[in-house]
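This is what each chain is made of:
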Amino acid sequence: MGFFLTCLYVVFLLLRPQEWLLTDYMPDNSLDIIVIMAMSVVTVEVVRGKIQMSKLLPHFWLMSGFFAAVLLADIAMTNFSSLLINLPHFGKIYVGFILVLLSCNTTRRIRIVNALIVGVALLVSLHCYLQVKTGTGFADAPPLILTAKGVTYVRAQYFGIMGDPNDTALYLTFALPLTFALFKRRSLVNYLLQGSIPLVLAYGVVLTQSRGGYLAMAVMVFFALVRYVDNRKFFVALVVAAMGLLVVLPTRLSALGIADQERTMLWGEANQVFKEHPLTGVGAQRIKEYMEADKAVHNSYINVYAEIGIIGYTFWLGLLAFSIYGSWKVSRLKPDDEEDVLLVQQAKGMFASLVGFAGAAYFLSRSYFTPLYVLLALSASMYQLAGLRVGVAALNVHCKFERKKAWWYPALSCTTVVLLYIFIRLVNMIG
């Protein structure tokens, strides 16, 4: 029952059917009701011993530290009105993370949630197609129409937490590599589906006209090729993929530059804010108040350490980095049976998906993008299952998560802050 309610939570969180399909039948707080019910049932299952979680699982402690740092930032700034907003908002993200982590305690359950994520992505792609081709999507929602330098862009977008073209593109990119973990049997039909579903999702990304989405997709394709294709075929596959991206991506991609002067100026402003509040930051979702013209930072890494300080950034970056590295290590385990094969297959898709986000995060302020934490929780569940095979303690040592090496996390966060600072100074000097 707990797993069923968790699946319902994932569907309502991502698809938001209460906003267009069930408007007349579901209350506005339907998601809150589902979360409360799911947490109650899962808690009972934990008490009865039906669900267990290793105390050595790093993801849980890193996520808990991140949530605590969000609250600490508001307390340090004595901004209790912001605390009353962030507590329920990030509390739902934290509870959702725990729900997925605890409920997905078998490979079959991980695969089911994986299928739900991809299924939602297909519906979102259909919505994007209808928006661009007919002018309205589900619930008669129109696309976003922008005009810049005499060029008009029609950008598809979804609802709720994906109510922005960048968010929509990022979610579709998340889901794209997960399609390769859907099918466990080799057949012509499965091969056709594995080839067509990613194309549908990639087309949805193109319809959003999101430069950050293009970057995420390019990074994800590169690392997916690294993981899926053997060394002899890698170069050929990379060339083919690069040519394909150049053909299908719109002209907006040409505006994407690693040394974008306007963006680096915004990053410099955020760094100045960070210098004034280096430990705890100015508070989650409050950086715009300190930026000129109320603009976003357009960099998730800078956004996090400016808002919740180096303390929160250490936990956030640690959770993302460990999930990526852990997925990589699980994907390299040698399977002994069919169950292991499915777990390794899942890890390959998870690795490419998370790396895609890490690449897009450099140009998008999507630090608290809720679907990311669903994916991180699913990665944690997968890691825990792998730990049951080889021993979580042994796997942690293998993945550099010993107590003796706890200093790696603050070292990683401080190093990335310094590198970003140096990069920004160099670009601004050259510009």
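Above this text you will find the structure in question.
Cut-offs applied
- Every chain begins its residue count from 1, and numbering advances along the sequence as written.
- Totals for whole chains, interfaces and linings use every residue, but because this is a predicted model, local features are given only for residues with pLDDT of at least 70 and side-chain atom pairs only at 80 or more, for both listing and counting.
- Based on all heavy atoms of the structure, the side-chain values leave hydrogens and waters out of the count.
- A run of H or I in DSSP becomes a helix once it reaches four residues, and a run of E becomes a strand once it reaches two; helices and strands are each numbered from the N terminus.
- Note on areas: Shrake-Rupley, 1.4 Å probe, and residue coverage restricted to the protein chains presented here.
- Detection works on a 1 Å grid of protein atoms alone, calling trapped sets that fit a 1.4 Å probe cavities and calling open sets with protein on both sides within 12 Å along at least five of seven lines pockets, with lining residues defined by an atom within 4 Å of a point.
- Grid points are joined across faces, edges and corners, and a volume is the space filled by probe spheres set on the points.
- Amino acids are sorted into nonpolar (Ala, Val, Leu, Ile, Met, Phe, Trp, Tyr, Cys and Pro), charged (Asp, Glu, Lys and Arg) and polar (every other residue, Gly among them).
- Each residue's exposure class comes from its accessible area (1.4 Å probe, protein chains only) as a fraction of the maximum for that residue type: buried when under 20%, exposed when over 50%, partly exposed otherwise.
- Should any heavy atoms of two residues lie within 4.5 Å, those residues are counted as being in contact.
- Two aromatic rings from Phe, Tyr or Trp, using only the six-membered ring of Trp, form a pair when their centres are within 6.5 Å; if the ring planes differ by under 30 degrees the pair is stacked, by over 60 it is edge-to-face, and anything between is tilted.
- Take the buried residues of types Ala, Val, Leu, Ile, Met, Phe, Trp, Tyr and Cys, join any two whose side-chain atoms come within 4.5 Å, and each joined set is a nonpolar core.
- In this analysis, axes come from line fits to C-alpha atoms, helices being fitted only over the stretch in contact, and the angle between any two N-to-C directions falls in the range 0 to 180 degrees.
- Each angle gets one of four labels, with under 35 degrees taken as roughly parallel, over 145 as roughly antiparallel, 65 to 115 as roughly perpendicular, and the rest as oblique.
- Note on patches: the residues involved have over 30% relative accessible area and no salt bridge, like charges join within 9 Å, and the nonpolar side chains Val, Leu, Ile, Met, Phe, Trp and Tyr join within 5 Å.
- We define a salt bridge as a side-chain nitrogen of Lys or Arg found within 4 Å of a carboxyl oxygen belonging to Asp or Glu.
- Any N or O atom pair separated by 3.5 Å or less is treated as a polar contact, with the protein-specific requirement of one donor-capable and one acceptor-capable atom, and with residues adjacent in sequence counted only for side-chain atom pairs.

A. Region of interest: the overall build of the chain. Secondary structure summary: the chain contains 15 helices and two strands in total. For the chain, the accessible area works out to roughly 19600 Å², and carbon and sulfur atoms hold 66% of it.

B. Local environment of empty space enclosed by the protein. Scanning the model with the defined rule gives two cavities of 30 Å³ or more in all. For the largest cavity, the calculated volume is near 40 Å³. Of all the secondary-structure elements, those providing two or more residues to the lining of the largest cavity are α6 (165-178) and α13 (370-390). Among the elements that take part in the lining of the largest cavity, α13 stands out by supplying three residues, more than any other. In this structure, the second largest cavity spans a volume of roughly 30 Å³. Put simply, the parts of the chain that give the lining of the second largest cavity at least two residues each are α4 (80-103) and α13. Of the residues contributing to the lining of the second largest cavity, the split by class is five nonpolar, two polar and no charged.

C. Spotlight on the side chain of Gln157. With respect to the helices and strands, Gln157 occurs in the loop between β2 (151-155) and α6. The class for Gln157 is buried, based on a relative accessible area of 16%. Excluding residues within four positions of it along the chain, Gln157 makes contact with His127, Gln131, Pro142, Pro143, Leu144, Met162, Gly163, Asp164, Pro165 and Thr168.

D. Spotlight on the packing of aromatic side chains. A full pass over the atoms with the stated rule returns 19 aromatic pairs. Summarising the aromatic geometry, the rings of Tyr301 and Trp316 are spaced 5.8 Å apart at their centres and angled 75 degrees between planes, so their arrangement reads as edge-to-face. Of the two residues, Tyr301 and Trp316, neither departs from the other in class, the shared state being buried. Following the ring pairs from residue to residue traces out a cluster consisting of Phe274, Tyr301, Tyr305, Tyr313 and Trp316.

E. A look at the nonpolar core. In terms of nonpolar packing, the biggest core is built from 128 residues, with Tyr301 and Trp316 touching the most fellow members. If sequence neighbours within four positions are ignored, Trp316 has contacts with Phe66, Ser300, Tyr301, Val304, Phe357, Ser367 and Tyr373.

F. Quick peek at the packing of helix α3 (residues 58-76) against α13. Packing of α3 against α13 leaves a shortest axis separation of 9 Å and a crossing angle of 150 degrees. Viewed along their axes, α3 and α13 adopt a mutual orientation that is roughly antiparallel. Here α3 contributes Pro58, His59, Met63 and Phe66 to the contact with α13, which in turn contributes Tyr373, Ser379, Ala380 and Tyr383. Here the residues of the contact of α3 with α13 sort into six nonpolar, two polar and no charged.

G. Layout of a nonpolar patch on the surface. A cluster of nonpolar side chains, contributed by Leu72, Ile75, Phe80, Leu279 and Ile311, occupies part of the molecular surface with about 450 Å² of accessible area. Relative to the assigned elements, Phe80 resides in helix α4.

H. Local environment of the side chain of Ser365. Examined against the element boundaries, Ser365 turns out to sit in the loop between α12 (338-360) and α13. Within the structure, the side chain of Ser365 is placed 2.6 Å from the backbone nitrogen of His298, a separation counted as a polar contact. A distance of 3.3 Å separates a polar side-chain atom of Ser365 from the backbone nitrogen of Asn299.

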